[in-house]
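Inside the fold
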Amino acid sequence: MYEKTISSAVIKRLPRYYRYLGELLENDVVRISSKELSEKMQVTASQIRQDLNNFGGFGQQGYGYNVEYLYTEIGKILGLDQKYNIIIIGAGNLGQALANYTDFERRGFYIKGIFDVNPRLIGMSIRGVEIRLVDELERFIKENNVQIAALTIPKTKAPEVAADLVRWGVRAIWNFVPTDLNLPNDIMVENVHLTESLMRLSYNLKAKDEAEAKKRAEAVREESGV
Ligand code: NAI
């Protein structure tokens, strides 16, 4: 148990450490210094040391980090040493794409059921997981120890459906719907919005273009001696 409160910025960086360390493990790397890790990840070595010190360090002076140990410990911090049962609500384009992705299981996330209101989809299977009618949701959640629900339904339906899911025992919502759900504080909500991510990309592109234009204008001014 980690008694200290860890900042959300650090928590956000941990999955990236975990992914890099996983790649190192796959390449049989046994140990790595914070400097090497920093070069690989393009994060400063001091940032890495600071981040990992939040959890007791894990490194040894002159040795660096034991990759397997660090990978396992970060996995524990992220709760990846546990298994989670997930259901997907909405078997449209996005719901089916999520259900088709195989890597979630490798991380301990098991898609147990997919639910929709459209009778034409009912009975179809995606990677062996049957699409069921939403009428079965309450019983299914109670019988299958479902902790997480991915929400991939139209915006108008999302708040009401999310409230039902929580009432039936779901503890966390992986929300892809572009709307705020206003659920009780003890329900974890992780919003995933690709458009917001694109907007950040657009901002960065614009900022880069503006910086380059400014540089060019300065160079012209210098050349003309103005
Ligand atoms: P879609 O129309 O292909 O699929 C929606 C599915 O939800 C349909 O199969 C429909 O029958 C079902 N549905 C409707 N009401 C339902 C209910 N009450 N319970 C269960 N199922 C219900 O739409 P698509 O493209 O898959 O998008 C789904 C949602 O995800 C939308 O809200 C969309 O805005 C959002 N989205 C979010 C993205 C992101 O980056 N977070 C990216 C793409 C879509």
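Going along each chain's sequence as written, the residues are numbered from 1 onward. Local features in this predicted model are restricted to residues whose pLDDT is 70 or higher, and side-chain atom pairs enter the listing and the counts only when it is 80 or higher, whereas totals over whole chains, interfaces and linings include all residues. Think of the side-chain values as coming from all heavy atoms in the structure, minus any hydrogens and water.

**A look at the site of the ligand**
What counts is decided by this rule: Neighbouring residues are identified by heavy atoms, a residue being near a molecule or strand if any of them is within 4 Å of it. Think of a polar contact as two N or O atoms within 3.5 Å of one another; within protein, one of them needs to be a possible hydrogen donor and the other a possible acceptor, and neighboring residues in sequence only count if both atoms come from side chains. The accessible surface values rely on the Shrake-Rupley method and a 1.4 Å probe; as for residues, cover is taken only from the protein chains in view. Each residue is assigned to one class: nonpolar for Ala, Val, Leu, Ile, Met, Phe, Trp, Tyr, Cys and Pro, charged for Asp, Glu, Lys and Arg, and polar for all the others, Gly among them.
In the region of the ligand, 23 residues are neighbours, and Leu-94, Asp-116, Ile-153, Val-192 and Leu-194 sit closest. One of the backbone nitrogen or oxygen atoms of Ile-153 is found 2.7 Å away from an oxygen atom of the ligand. In the environment of the ligand, a nitrogen atom lies 2.5 Å from a nitrogen or oxygen atom belonging to the backbone of Val-192. When the ligand is considered free in solution it has 850 Å² of accessible area, and contact with the protein chains removes 73% of it. Among the residues forming the shell around the ligand, the class breakdown is 14 nonpolar, six polar and three charged.

**Focus on the environment of Leu-14**
Put simply, the rule reads: Comment: elements are numbered from the N terminus, with helices defined as DSSP H or I runs of at least four residues and strands as E runs of at least two. Only protein chains enter the accessibility calculation, which uses a 1.4 Å probe. A residue is then buried if its area is under 20% of the maximum for its type, exposed if over 50%, and partly exposed in between. The contact criterion used throughout is that any non-hydrogen atoms of two residues lie within 4.5 Å.
Tracing the sequence through the fold places Leu-14 in helix 1 (residues 8–26). Classification of Leu-14 as buried rests on a relative accessible area of 0%. Sequence separation of Leu-14 and Glu-26 is 12 residues, and the distance between their C-alpha atoms is 18 Å. Once residues within four sequence positions are removed from consideration, Leu-14 is found in contact with Phe-55, Ile-74, Ile-77 and Leu-78.

**Thoughts on the pattern of salt bridges**
Operational definition: Between Lys or Arg on one side and Asp or Glu on the other, a salt bridge is scored when a side-chain nitrogen of the former is within 4 Å of a carboxyl oxygen of the latter.
According to the stated counting rule, one finds 13 salt bridges in the structure shown. The network of salt bridges with shared partners includes Arg-132, Glu-136, Arg-139 and Glu-143.

**A look at the environment of Pro-159**
The residue Pro-159 is located in helix 8 (residues 158–167) in this model. Residue Pro-159 is classed as partly exposed on the basis of its relative accessible area, which comes to 33%. C-alpha of Pro-159 to C-alpha of Val-177: the two residues are 18 residues apart in sequence and 9.6 Å apart in space.

**Observations regarding the packing of aromatic side chains**
What counts here: A pair of Phe, Tyr and Trp rings is counted when the ring centres sit within 6.5 Å of each other, with Trp represented by its six-membered ring. The angle between the planes then sorts it: under 30 degrees is stacked, over 60 is edge-to-face, the rest tilted.
Under the definition given, this model contains six aromatic pairs. Taking 4.3 Å as the distance between ring centres and 10° as the angle between the ring planes, the aromatic pair formed by Tyr-18 and Tyr-71 counts as stacked. Of this pair, Tyr-18 sits in helix 1 while Tyr-71 sits in helix 4 (residues 67–77), and the two are 53 residues apart along the sequence. Accessibility expressed as a relative area gives 11% for Tyr-18, which makes it buried. Look at Trp-174 and Phe-176: their rings are 4.8 Å apart centre to centre, the planes differ by 65°, and that puts the pair in the edge-to-face class. Through successive ring pairs, a cluster of aromatic residues spans Tyr-101, Phe-104, Trp-174 and Phe-176.

**Remarks on the domain arrangement of the chain**
Our working definition: Domain ranges listed in this record stem from an automatic or a database domain assignment.
For the chain, the assigned domains read domain 1 (8–77), domain 2 (84–192) and domain 3 (198–226). Summarising the inter-unit geometry, the C-alpha centres of domain 2 and domain 3 are found 45 Å apart.

**A closer look at the packing of helix 1 against helix 2 (residues 34–41)**
Filter applied, for reference: Between N-to-C directions, angles cover 0 to 180 degrees, with each direction set by a line fitted to C-alpha atoms, over the stretch in contact for helices. What sets the label is the angle itself: under 35 degrees gives roughly parallel, over 145 gives roughly antiparallel, 65 to 115 gives roughly perpendicular, and the rest give oblique.
Where helix 1 meets helix 2, the axes come as close as 11 Å, and the angle between the chain directions of the two elements is 105°. Taken as axis vectors, helix 1 and helix 2 run roughly perpendicular relative to one another. Residue-level contacts link Arg-16, Tyr-17, Tyr-20 and Leu-24 of helix 1 to Leu-37, Lys-40 and Met-41 of helix 2.

**Considerations on unusual backbone geometry**
In this structure, Arg-127 takes a positive phi of about 45° despite not being glycine. As for its placement among the helices and strands, Arg-127 is situated in the loop between strand 6 (125–126) and strand 7 (129–133). If you check the backbone angles, Asn-182 has positive phi at about 50° while not being a glycine.

**A look at the pairing of strand 9 (residues 172–175)**
Each regular strand carries side chains that alternate between the two faces of the sheet. Applicable threshold: Two strands pair if DSSP finds at least two bridges between them. The definition of a right-handed crossover adopted here requires that, viewed with the strands pointing away, the path from the first strand over the helix to the second runs clockwise.
Of the strand pairs in this sheet, strand 8 (residues 148–151) and strand 9 are connected by four bridges, and their pairing is parallel. Paired with Ile-148 across the strands is Ala-172, a residue of strand 9. In the classification by handedness, the crossover that spans strand 8, the intervening helix 8 and the parallel strand 9 is right-handed.

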